[in-house]
Amino acid sequence: MEYKDITDKFIKEYSDYKSDVINFSEYIEVNWKNSLSGDQLRILLQGIDVDFILKSLIYNVETVKRYKSKTKAKRYATVIGQFFNYIRKTTDIVNPDLYDAISYNRSRENSYMQQMMAYIDKCEMLAGIVEQEPLTSTEAEKILVWANEQFIAQEWEDATSFRKAVAATGIKMMMLYGITYRELRKMKWDDYDEVYDCITVNGFELRLPLKLSIQLRNIKDFVFNKKIVNKENLIFAGFRGEAWNDITSSSGIPDYMGALIGITSVTSAVKYGISQLLKAGLSDSIIKKMTGASETVIQGCLLQEDNELKQIINTKVLMADWYYEF
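This text gives an overview of the structure that appears in the document. Remember, it's a predicted structure, so these values are computed and weren't measured experimentally.

### Quick look at the pairing of strand E3 (residues 204-207)
Walk down a regular strand and you will see the side chains alternate between the two sheet faces.
Then, in step 1: In this sheet, E3 lies alongside strand E2 (residues 198-201) in antiparallel orientation, the contact comprising four bridges. Across the sheet, Cys-198 pairs through a bridge with Arg-207, a residue of E3.

### Side note on the nonpolar core
Then, in step 1: Core analysis: the largest hydrophobic core is formed by 53 residues, its most contacted members being Met-173, Met-187, Ile-199 and Ile-219.
Then, in step 2: When residues of this core are traced back to their parent elements, those giving at least two are helix H8 (137-149), helix H9 (159-177), helix H10 (181-184), E2, helix H11 (210-225), helix H12 (253-261), helix H13 (266-279) and helix H14 (284-291).
Then, in step 3: Top contributing element to this core by residue count: H9, with 10 residues.
Then, in step 4: Counting residues in each nonpolar core, the second largest holds 44 residues, with Ile-11, Tyr-17, Ile-53 and Leu-54 among its members.

### What about the environment of Ile-235?
Then, in step 1: On the secondary structure map, Ile-235 appears in the loop between H11 and H12.
Then, in step 2: C-alpha of Ile-235 to C-alpha of Val-223: the two residues are 12 residues apart in sequence and 9.3 Å apart in space.
Then, in step 3: Not counting residues up to four positions away in its chain, the partners in contact with Ile-235 are Val-166, Met-187, Lys-188, Trp-189, Ile-199 and Leu-216.

### A short note on the sheet that holds strand E1 (residues 192-193)
Then, in step 1: Pairing is antiparallel in the open sheet, where three strands are placed in the order E1-E2-E3. Each having just a single partner strand, E1 and E3 make up the two edges of the open sheet.
Then, in step 2: Sheet topology places E1 next to E2; two bridges connect them, and they run antiparallel. The partner of Tyr-192 across the bridge, within E2, is Ile-199.

### Digging into the packing of aromatic side chains
The way to describe two aromatic rings as a pair is by their centre distance and the angle between their planes.
Then, in step 1: The tally for this structure, following the rule as stated, stands at 24 aromatic pairs.
Then, in step 2: Look at Phe-24 and Phe-84: their rings are 5.8 Å apart centre to centre, the planes differ by 85 degrees, and that puts the pair in the edge-to-face class. In this pair, Phe-24 sits in helix H2 (residues 18-31) while Phe-84 sits in helix H5 (residues 70-90), placing the two residues 60 residues apart along the sequence.
Then, in step 3: A relative accessible area of 0% places Phe-24 in the buried class.

### A word on the environment of Leu-234
Then, in step 1: Looking at the secondary structure, you find Leu-234 in the loop between H11 and H12.
Then, in step 2: On the accessibility criterion, Leu-234 (12% relative accessible area) is buried.
Then, in step 3: Aside from chain neighbours lying at most four places away, what touches Leu-234 is Arg-185, Lys-186, Met-187, Lys-188, Trp-189 and Ala-243.

### Some points on the packing of H9 against H11
Then, in step 1: Following both chains from N to C, one finds H9 and H11 inclined at 145 degrees, their axes separated by 11 Å at the closest point. When you trace H9 past H11, the crossing you get is left-handed. Of the residues in H11, those in contact with Phe-162, Ala-165, Val-166, Thr-169, Lys-172, Met-173 and Leu-176 of H9 are Lys-211, Leu-212, Gln-215, Leu-216, Ile-219, Phe-222 and Val-223.
Then, in step 2: Across the contact of H9 with H11, the residue classes tally to 10 nonpolar, two polar and two charged.

### Observations concerning the layout of surface pockets
Then, in step 1: Each pocket or cavity is described by its volume, and for the largest pocket that value is around 750 Å³.
Then, in step 2: Forming the walls of the largest pocket are 30 residues, and the residues nearest its centre are Ile-102, Gly-258, Ala-259, Ile-261 and Gly-262.
Then, in step 3: Elements with a contribution of two residues or more to the lining of the largest pocket: helix H1 (3-13), H5, helix H6 (96-103), helix H7 (112-122) and H12.
Then, in step 4: When residues of the lining of the largest pocket are assigned to their parent elements, the largest contribution, eight residues, is made by H5.
Then, in step 5: In the lining of the largest pocket, the residues fall into 13 nonpolar, 11 polar and six charged.

Parameters and conventions
- Residues numbered from 1 in each chain as written.
- Predicted model: local features only at pLDDT ≥ 70, side-chain atom pairs only at ≥ 80, totals over all residues.
- Heavy atoms only, no water.
- Pairing = 2+ DSSP bridges.
- Helix = DSSP H or I, 4+ residues; strand = E, 2+ residues; numbered from the N terminus.
- Core = buried A, V, L, I, M, F, W, Y, C linked by side-chain atoms within 4.5 Å.
- Buried < 20%, exposed > 50% of the residue type's maximum accessible area, 1.4 Å probe, protein only.
- Contact = heavy atoms within 4.5 Å.
- Phe/Tyr/Trp six-rings, centres within 6.5 Å; stacked < 30°, edge-to-face > 60°.
- Axes fitted to C-alpha atoms, helices over the stretch in contact; angles between N-to-C directions.
- Left-handed = near helix turned anticlockwise from the far one by under 90°.
- Nonpolar A, V, L, I, M, F, W, Y, C, P; charged D, E, K, R; others polar.
- 1 Å grid on protein atoms, 1.4 Å probe; cavity = no way out; pocket = protein on both sides within 12 Å on 5 of 7 lines; lining within 4 Å.
- Points joined across faces, edges and corners; volume = space filled by probe spheres on them.

Purely geometric numbers; function is a separate question.
What follows is the structure in structure tokens.
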């Protein structure tokens, strides 16, 4: 086994994380003088701890000055955490102390992210505050797979399974239309037209993808047959008709996202949806009215390293008058 084999497989599965893994690998090469294969590799990976990864971040921030914002530094920490979680799941390399620290809830004092964020928050070389970035395409795909799995059996006879199905529908709408949690929890069954597969949000009649429309129809049939519809006729409610409150944790979405991709902020899902709308050419003013998102959120929705965006921009430039005469 070689270190490069592991990184290549990880990057193939999570292509959005390539640059951060390369930067981490550079730090290993600088500090590890032995071969990155066989028994030497096992010794290395079994011995890496949170402090080693923290030093790799400090190297990338203070020595080579590769990360200049708190948001980018946090992304690096998150990616390397996921990289070692991948090693735990796909190899027989044992490193229980590190694996446990990565799996701990972020609020726990000795958790991996707690230690990484302690440095990031205080580092004066890192600009700004930590902002939630849009989901990457890899993260979005993992969430969609999970969301669709909640409708395979449709056995929602307990509060937990039903909660997951409703949360799956909500997060899909966030990722598809960029709708904020605040606007999502206002939506009523009267806004859903199951005949024409549309849902109305803030005066905008939005067409639903076939799969999402069927899933929403199944939930509607279930709640009406079980007579668990709430007084306000709200779509997003619990097993006993209790509406989602203004704290996102009441929906369960942060918990499900955290377990899947290590990110608990629903803002990342909203930003992903808004980024797709921006790429499609919708104006900021329309997006703001439709989604309920603030200008600050909208402005932070496009990833600087978004290759898809680069392709879209260049395609549009090709349509400019006299392009081939320039």
